[in-house]
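What follows is each chain in one-letter form.
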Amino acid sequence: TATKREQSLQDVPIAVTALSALQLERAGVKDLRDLYTLAPSFNMNSSQTESQGTTLRIRGVGTTGNNIGLESAVGVFLDGVYLSRPGVALGDLVDIEQIEVLRGPQGTLFGRNTSAGALNIRTRKPDLQETDYWGNFTIGNFSAYNVQLGLGAPLIEDELGLRLSVALREQDGFLTSSTGAESRNRDRISARAQLYWEPAENLNLRLIADYADADERCCDAAVTFESPLVAAGAFAAAGLAANAGVTNSGRDAVENRRSNAEQFENPFDQWGVSAELNWEVGPGQLVWIGSYRDFRAESLQHSDFVELDVWAVPGPDNGFGSYDDIQTMTHELRYQGESDRLDWMVGFYYADEEIEELGTLELGADYAAYISGSAWYGAIIPAAGTNYDAVPISTAAELVTGADPTTNFGEVRAAANPAIAFAGGLDPDGSFAANLYKQDSSSWSIFTHNTLRLSDQFNFVFGLRWIDESKDGSFDQLAANSTACEATLGNAAGFTEAVAMTAMSLPEENQAAFIGGGAQITGLAVAFMCFPFAVRANIPGAPTPQTFANTFEDDELTWTGKLVWSARDDLTLYTSYTHGFKAGGFNLDATAAAAGADPRFRSELVDAWEFGLKSDLLDNTLRLNLAVFHQLMEDFQVLEFTGVQFVTFNVPEVESSGVEVELFYSPIEGLDLSLAGTYADANYPDDCNEGRALPDPVARLCGDHLTNAPEWVGVLGLSWEDDVPGTALSYFLSGGLRYESERRTSTQWRVATPTAAAPNPALQVDDIQDSNAKLNLRVGLSGNEGLWSFELWGDNVLDEQTRNVTFNLPLRGIGSIGTAGRGTFLEAPRTYGATLRLRF
C-alpha cells in the first residue's frame, strides 16, 4: 500500500521493505526500535527523553534533536494517520498486519516531513465472517514479561465486525546507577478497539480508538570519558569529592552498564481516535481519513548525570513541573480511480496541531562548587594567573541584597568557591526557571498522483503536491529566580570596565591581550553561572533567554516523476526524480532567542534521484531487488548540544548516496534465506557552508559523516520450518545477523572550528562506535495446525554493547579546550526468554 493503492510489491517503483506479521514475530520486533534488525537502511535512537529526544533515520538521514519544535524527517503513519513526533510512535506494536519501510523522500503521497522516508504501519482490521481469539505470553531476563490479548468477531455477519487488543509489558532497566537508580526499563500498557461496518458493497467505514500509558525511566547515560579536571584536582579544590560525583566511568562503565545519576522518569500517556471511509461513487473511490490524537509526557530527572545535587528537572510538587502536550487533528480526502490508460488520484490534506511544553529546571546545593571546579579552577584561574588580582570588581549584587560586596579579582581567585565570590557572595542554590513554550500550527495541501500507461511495457508516474505551512511559536516565562546570575552579570560588567581602565596603564603592545583575557574571564563566569534553563528571562543587555512570540510561514511545491519499464513479467526497472520538503519552525528552547537571535529555522528541501530493479528469478524462488540513489538536501536541520545550550541551525548542503540490495531465496520448501545490504555515504560535503558567513557549528561539520550513519549495513536472515516426523507437530528455526560498520555518535564532532592555519582540529573523545555484529536466534514448536506455539529466543545473543549518542556532559569541563567529560546513551544488551502463542 506504499502508493495508497493495493499493489504487488514488485510492481511499485519505490524502494520499500514490506514486513509481514509473521516476519515481525520471528524477528522479535516489539516496537519501532527493533525494526533495524530487518531493514538495514533504517535505524533509530533516543537521548535523554524518549518523548522528544528520539531520532528516526533512513539511508543515514534523520533529524537529530531533543527539541519538540523539530519534526522528524521520517514520517510515521498508523492506519493512514500521521503521527507528528517519533515519541508519539514509540508504543508497542500489537496486532500488526504489515509494516512498510519506504526509503527516500515520499512527499507527494504522504505529505510534509517525509524528506528521508516513511514508515507505513497497518493493523489488522475486524473480520466480518470469522471469530478468533489470540494471546501471546512472554517472559525474559531483566524480569521481563509481556502479555498481549485480543479477539475479533462479527457482530452482524457480513456487515459489522469488532476487534479488540490489549498489551502489558514490563522489564527492569538495563542501566544501573551508583545511586541505585535504574534506567531504560519498560512499564507500559496499551489497548485498541475497532469497528468495521460494511453496509453495502460500495461503502465501508472503519473506526479505531487506542490508548497507551507508560511509567518508565529513560534515559540516563554512562560516562565514557572522565574530565581531566578530576585528575587535576579542580573539583576537589572547589570543596567537592575528588571524583565530583562520578563513581563509574570509562570502558567498565559502558561494558557493565553503570551510570551515576538519580532517577530519570519520563512517563507518558496518549489516546487517539480515527475514522476511514471508503465509498465507490461515480467513476472512482472516495476515501476520507480523519483523526484526533492527544499525547502528554512528563519529565522528572537529575539530568546532570552525576551523583551530586547540581540541578534537577523537578516534578509538579514545586508548583510547575515539566511536561509536553501535543494535540493533533488531521483530515485527508482522496478521490481515485482507473481508466484504460490512467490510474489517477487527487486529494486534499489538512492538519492542525497545538503543542505546549513546560520546562522547569532548578539548581541544587552543589551547583556553585561544580562550576567553580569546571570553569574557575579548570580554566579561568590557570589562564588568569595573578595578572588581574588588583583589578577591582564593582558589582550589581549590592542592588540585589543591599550588601557591600566590593572586592578585587585576587580575593575572588583565593576564595574557596570563586563562582560565589564573583557573584558577590550569592549562592545559586534554588535558582530556577519555569519556561512555557507553545506552538500552534496548521498545514494544508492539495495533491495528485497518477500512473499513465504509455504502452504494455512502459508506465510514467507523476505526482504533485502543494503544501502550505503556518506556525505561531512563543516562549513565556511563568516564574524565575536567578539573583546569583544577575549579580554575576553586574560584576562582569564592572570587571570589564575596570580591566579596560587598568589596561591603559600598561604598555600599548600588552593592552589588547590584557583586555582579551578579561573578556575570557567574564565570558566563562557568566556562561557557567547563568545556566540558561534556570535564569530569569529578558535581563536587559544580557546574553540570557529572551521571550518571543513570532510566526513562521512557508509553502512549497513537491513533485515526483518516474519512468517504469516492465521488461518481463518477472523484471521491472524504474528511474525517478523527486523533490521533497520538510517544514521549518521554531527552536522551542530557552536559548533560542538569546542575544536577539531568531528562534526560527528554515524548511528543509531535498532533491533525489533513484534507479531501481525488481526481479523474481529461478521460477520465483529467488527475488532480487536493487536501488541506487542520490539525495541532496538543502538547509538540513540540525540540533547540537554544546554542553551549555541546545543550538538549532540549518546546514546549507547535505547529501546521501549509495546502493541497496535485497535478496530472498527459497531453494527448497521450508527454507528461506535473505540478505539485505545498504551502502550509504551520508555526509556534510567539504563545502557544506557554501562559503557563507555562518555560525561555527556549521563549519565544524563540513567534510564529515552524518551522526549515526554507518556506511555499510548488512542483514542476513535464515528460517527453516518443517514437520516433526511421526507427530502432528511442526518446528521452526530462525536467525538474523545484523552487521554495521563504524559510525559517528555525536553531532559536535570537532573541538574547534577548522581554520586555514589549523584545518584539522582535534576530534571529540569517544565519538566513534566501532563496527559490530548482532545475532538474534529463535526456535519454536507448534501444533494443532498452528493454534499454539512455544518459542525460545535470544536477541543480541553475543551481548554486543553499543552506543548511539555521545555528548559533552553538561558543565563538566569545557569542550573547546579538551576538558569536557563525555557521556553516552547505550543500546540494549543481550536479552532472552520464552514466548507462548495461542490462537482459537
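Below is a summary of the structure that appears in this document. What you are looking at is a predicted structure, and each value in this text was computed from that prediction instead of being measured.

## Overview of the pattern of salt bridges
Then step 1. Taken as a whole and assessed by the stated rule, the structure comprises 48 salt bridges.
Then step 2. The shortest N-O distance in the salt bridge between Arg602 and Asp635 comes to 3.0 Å. Placement of Arg602 in the loop between β31 (600-601) and β32 (604-617) and of Asp635 in strand β33 (residues 622-641) is noted, with a sequence separation of 33 residues between them.
Then step 3. Overall, the relative accessible area of 40% leaves Arg602 in the partly exposed class.
Then step 4. A relative accessible area of 9% places Asp635 in the buried class.

## Observations regarding the packing of helix α10 (residues 483-503) against helix α11 (residues 508-529)
Then step 1. It is at 10 Å that the axes of α10 and α11 come closest, and there the two elements cross at 175 degrees. In this view, α10 runs roughly antiparallel relative to α11, as classed from their interaxial angle. Two secondary-structure elements touch here, α10 through Ala484, Cys485, Thr488, Leu489, Ala492, Phe495, Thr496, Val499, Ala500, Thr502 and Ala503 and α11 through Gln511, Phe514, Ile515, Gly518, Ile521, Thr522, Ala525, Val526 and Met529.
Then step 2. Looking at the contact of α10 with α11 residue by residue, the class counts come to 14 nonpolar, 6 polar and no charged.

## Some details on the nonpolar core
Then step 1. Residues Trp376 and Val651 are the most contacted members of the largest nonpolar core, which totals 131 residues.
Then step 2. Here the element with the most residues in this core is helix α6 (residues 367-384); it accounts for 10 residues.
Then step 3. Ignoring anything within four residues of it in the chain, the contact list for Val651 reads Glu634, Asp635, Phe636, Val638, Tyr684, Cys688, Val698 and Leu701.
Then step 4. One finds Ile14, Val16, Tyr349 and Ala351 within the second-largest nonpolar core, a separate group that totals 13 residues.

## Focus: the state of the cysteines
Then step 1. Overall, the coordinates contain 3 disulfides when judged by the stated rule.
Then step 2. One disulfide bridge connects Cys218 with Cys219, the sulfur atoms lying 1.6 Å from each other. Its S-S torsion of about 60 degrees marks the bond between Cys218 and Cys219 as right-handed, since a negative value means left-handed.
Then step 3. Looking at Cys219, the relative accessible area reads 0%, which means it is buried.
Then step 4. Disulfide pairing places Cys485 opposite Cys530 at an S-S distance of 2.1 Å. Taking the sign of the torsion about the S-S bond as the criterion, the disulfide between Cys485 and Cys530, at about 100 degrees, is right-handed. One end of the pair, Cys485, is in helix α10; the other, Cys530, is in the loop between α11 and β28 (548-568), and 45 residues separate them in sequence.

## A word on empty space enclosed by the protein
One way to see where empty space is left: roll a probe the size of a water molecule over the atoms.
Then step 1. A complete count under the given rule lists 13 cavities of 30 Å³ or more for this structure.
Then step 2. A volume near 280 Å³ is recorded for the second largest cavity.
Then step 3. The wall of the second largest cavity is formed by 20 residues, among which Leu78, Gly91, Asp92, Arg192 and Asp210 lie closest to the centre.
Then step 4. Among the elements of the structure, β10 (160-171), β13 (186-200) and β14 (203-214) are those that each provide at least two residues to the lining of the second largest cavity.
Then step 5. Here the lining of the second largest cavity is built from residues that sort into 12 nonpolar, 4 polar and 4 charged.

Scoring rules and cut-offs
- Residues numbered from 1 in each chain as written.
- Predicted model: local features only at pLDDT ≥ 70, side-chain atom pairs only at ≥ 80, totals over all residues.
- Heavy atoms only, no water.
- Salt bridge = Lys/Arg side-chain N within 4 Å of Asp/Glu carboxyl O.
- Helix = DSSP H or I, 4+ residues; strand = E, 2+ residues; numbered from the N terminus.
- Buried < 20%, exposed > 50% of the residue type's maximum accessible area, 1.4 Å probe, protein only.
- Axes fitted to C-alpha atoms, helices over the stretch in contact; angles between N-to-C directions.
- Parallel < 35°, antiparallel > 145°, perpendicular 65-115°, else oblique.
- Contact = heavy atoms within 4.5 Å.
- Nonpolar A, V, L, I, M, F, W, Y, C, P; charged D, E, K, R; others polar.
- Core = buried A, V, L, I, M, F, W, Y, C linked by side-chain atoms within 4.5 Å.
- Disulfide = S-S within 2.5 Å.
- 1 Å grid on protein atoms, 1.4 Å probe; cavity = no way out; pocket = protein on both sides within 12 Å on 5 of 7 lines; lining within 4 Å.
- Points joined across faces, edges and corners; volume = space filled by probe spheres on them.

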